[in-house]
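Listed here are the chains, written in short residue letters.
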Amino acid sequence: MNERADTSPTDTEAGNPPLRDLPLRVFHWLTVLAVTAALATGFLAPPWWQTVHVIAGYAIGVLLAFRILWGAFGSRFSRFRSFSLTAVGTVRYLRTVARGQAPAFDGHNPAGTWMIVILLALLAGLLISGLILLGGQEKLGPLAAVVDFQTARRFQDLHEIAAWALLGAVALHLLGVAFETLVRKHPVLMAMVTGMKPGWKRPAPDTDRTWTRRGGALAALTLLVLVGAGSALSALPAKGVVPVRFPDTYKAECTDCHALYHPSLRTAAAWKHVMARLDEHYGEDASLSDAARQAITAFLAANSAETFDTEASWRIGRQDTASLRMTDTGYWKRRHRNIEDAAFTDPAVGSKANCTACHKDAETGLFADSEIHPPERDRK
Amino acid sequence: MKRRHALSRKTTSLLLALACATLALPSYGADPRQQIITGYEAAAKAAVPDFNGFSADRGKAFFLASPGTGKPETPSCTTCHTADPRTSGKTRAGKPIAPMAVSKQSDRYLEAAKVEKWFRRNCRSVLGRECTAAEKGDFLTFMVTQ
């Protein structure tokens, strides 16, 4: 049906459909923008750019939802029904291309159609795995209330692999566009900008306007529903995160010398061990009155790593070290490996033990990437 | 009957107020910091019969010394407090410490329990033992003049 020679554009039916309707073109270029932002922040930016990465992800979510709906309710060539994905058709098409012949398609040729499906599927996979990671590891976003850390952890590699696959698919997509444009002289890029190609019979202005209006309404509805549902879900309390009220004794006695450590950063056993040997406290005597020591030990043990489901409680808190130092856990070292020693002795930081110098949310125990704020960020 | 009751209550209040004032009188106007030093003076006299007063110079030497008998991480008071009591120090964990000099930090050495707590901890860290009353008094006398 949609397969025909590029040279016979006069062969149109009544009520000529738009080649690339305006909603589809706007979708395409907004997706380019959002995906570029997501890939750049995901691969290149320091962790505190995560907020931008997440916003780009949310934008991709809205765009993706719109595209799926537009695949059902859009104009002819936007509809998934017009897609031809049969193995036979695809192989036949590729053979023709290999022979140097150039069958043209008004909609998408089979290779291009596969590209669209692969790109949309990868984006969907990245979106879902991203939301799971955001919910389970960062304890943020619409899934924070339902996803636990260990579930999210299984999606970490998937998210990364899918991102590399997307990068590859984008490269193939660009190569395909270049091939069509330069070798086969099909102005596919122009079609995605103007919605037209030479010789294509422009649909009646009414037709164009109808599709634009319908697309706009559908996009607005999608945005409204997703933002509404997303905000409502995001407002639910995150799984395994209990707000801790620090007793005055703990704050007063412990923060004279060091940061206010969240109790979820050590196991109950480790806390008891530390509190039993305050006369040998990391190279100093930090002895307390028995009453204060017992009160603080009880607080720490009752709110220890085992009672939390945060990333920090799993990757640092539950990882006991012989030295009883959080900074000796493998995860701590890995995450801080690119930070020079001088950064820790910087007057604004002081030592590796001073979490709060950079982690603005350290006292919540969350240690979200978006809350990392090294002093040099302010000096730039 | 009623009136006598009211009178007696007034008298009671008056007596109570008087009692409170009497109890408060000795400390009224007295410098709590000086009281702490006086306390160490009494203890020093009891420990050393020929004790003849605290010395700011001895306190200074004590503050700047590196006895090498404590924990290796804290060889001297100055490890954390710096050699100048009038500047801010820093804990090994990176937290700022207010200046030790009374002229720079007027709320220093006003709470006996707090003073004792930090002498106990820091003397054990730096000297490997508790400080004597004479050492504590010298130290405070030095810091008061700073």
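Quantities reported herein were computed from a predicted structural model and do not represent experimental measurements.

Novice: Explain the overall build of chain B to me, please; I cannot follow it from the model alone.
Specialist: Looking only at helices and strands, chain B features six helices and two strands. Seen in sequence order, chain B has helices and strands lined up from the N terminus as α-α-α-α-β-β-α-α. For chain B, the proportion of its 146 residues judged to be buried stands at 23%. Contacts in chain B between residues far apart in sequence, at least 24 positions, make up 59% of those at least 6 positions apart.

Novice: Which parts of the structure should I look at to understand the overall build of chain A?
Specialist: Each helix and strand counted, chain A has 14 helices and zero strands in total. Its helices and strands in sequence order give chain A the pattern α-α-α-α-α-α-α-α-α-α-α-α-α-α, from N to C terminus. Computed over C-alpha atoms, the radius of gyration of chain A comes to 28 Å, more than 25% over the 21 Å expected from 2.2 N^0.38 for 380 residues, which places it beyond the range of a compact globule. Considering only C-alpha atoms, chain A reaches an extent of 95 × 40 × 40 Å along its principal axes. Put simply, chain A has 380 residues, and 30% of those count as buried. Intrachain contacts of chain A at a sequence separation of at least 6 include 69% that bridge at least 24 residues.

Novice: Quick question: what am I supposed to make of the interface of chain A and chain B here?
Specialist: How big an interface is tends to be stated in terms of accessible area lost as the parts join. Residue-level contacts link 14 residues of chain A with 13 residues of chain B. For the side of chain A that touches chain B, the residue count by class is five nonpolar, six polar and three charged.

Novice: Before we go on, may I ask you to explain the domain arrangement of chain A in this structure?
Specialist: According to the domain assignment, chain A consists of domain 1 (22-234) and domain 2 (248-379). Each partner contributes to the interface: domain 1 of chain A provides 10 residues, whereas domain 2 of chain A provides 10 residues.

Novice: Please clarify how helix H7 (residues 205-234) of chain A should be interpreted in this entry.
Specialist: Because an α-helix completes one turn every 3.6 residues, residues spaced three or four positions apart along the sequence face the same direction. Residue and element names in this part refer to chain A. Taking 1.5 Å per residue, 30 residues should reach 44 Å; H7 reaches 42 Å between its end C-alpha atoms and fits that length. Of all the residues in H7, the buried ones are Trp211, Gly215, Ala219 and Thr222. Check the buried side of H7 and you find it contacts helix H1 (22-43) and helix H2 (50-73).

Novice: Would you explain the packing of helix H3 (residues 87-98) of chain A against helix H4 (residues 110-136) of chain A in this entry?
Specialist: Packed helix pairs are characterised by how far apart their axes lie and by the angle those axes make with each other. Residues and elements named next belong to chain A. Here H3 crosses H4 at 125°, and the two axes come no closer than 8 Å. Between H3 and H4, the angle falls in the class oblique. Of H4, the residues touching H3 (which contributes Gly89, Thr90, Tyr93 and Leu94) are Pro110, Ala111 and Trp114. A per-class count over the contact of H3 with H4 returns five nonpolar, two polar and no charged.

Novice: Explain the nonpolar core to me, please; I cannot follow it from the model alone.
Specialist: In globular proteins that are soluble, nonpolar side chains generally tend to be buried together. In terms of nonpolar packing, the biggest core is built from 48 residues, with Ile60 and Ile132 of chain A touching the most fellow members. Put simply, the parts of the chain that give this core at least two residues each are H1, H2, H4, helix H5 (149-183) and helix H11 (311-317) of chain A. Taken domain by domain, the makeup of this core includes at least three residues from each of domain 1 (22-234) and domain 2 (248-379) of chain A. When near neighbours in sequence (up to four residues on either side) are disregarded, Ile132 of chain A contacts Leu143, Val147, Thr151, Ala152 and Phe155 of chain A. Ranked by size, the runner-up nonpolar core spans 12 residues in total, among them Ile36, Tyr40, Ala134 and Met143 of chain B.

Parameters and conventions
- Residues numbered from 1 in each chain as written.
- Chains lettered and ligands numbered in written order.
- Predicted model: local features only at pLDDT ≥ 70, side-chain atom pairs only at ≥ 80, totals over all residues.
- Helix = DSSP H or I, 4+ residues; strand = E, 2+ residues; numbered from the N terminus.
- Buried ≥ 20, exposed ≤ 12 C-beta atoms within 10 Å, placed from the backbone.
- Contact = placed C-beta atoms within 7 Å.
- Rg over C-alpha atoms; globule rule 2.2 N^0.38 Å.
- Nonpolar A, V, L, I, M, F, W, Y, C, P; charged D, E, K, R; others polar.
- Domains from an automatic or database assignment.
- Expected span 1.5 Å × (residues − 1).
- Axes fitted to C-alpha atoms, helices over the stretch in contact; angles between N-to-C directions.
- Parallel < 35°, antiparallel > 145°, perpendicular 65-115°, else oblique.
- Core = buried A, V, L, I, M, F, W, Y, C linked by C-beta atoms within 7 Å.

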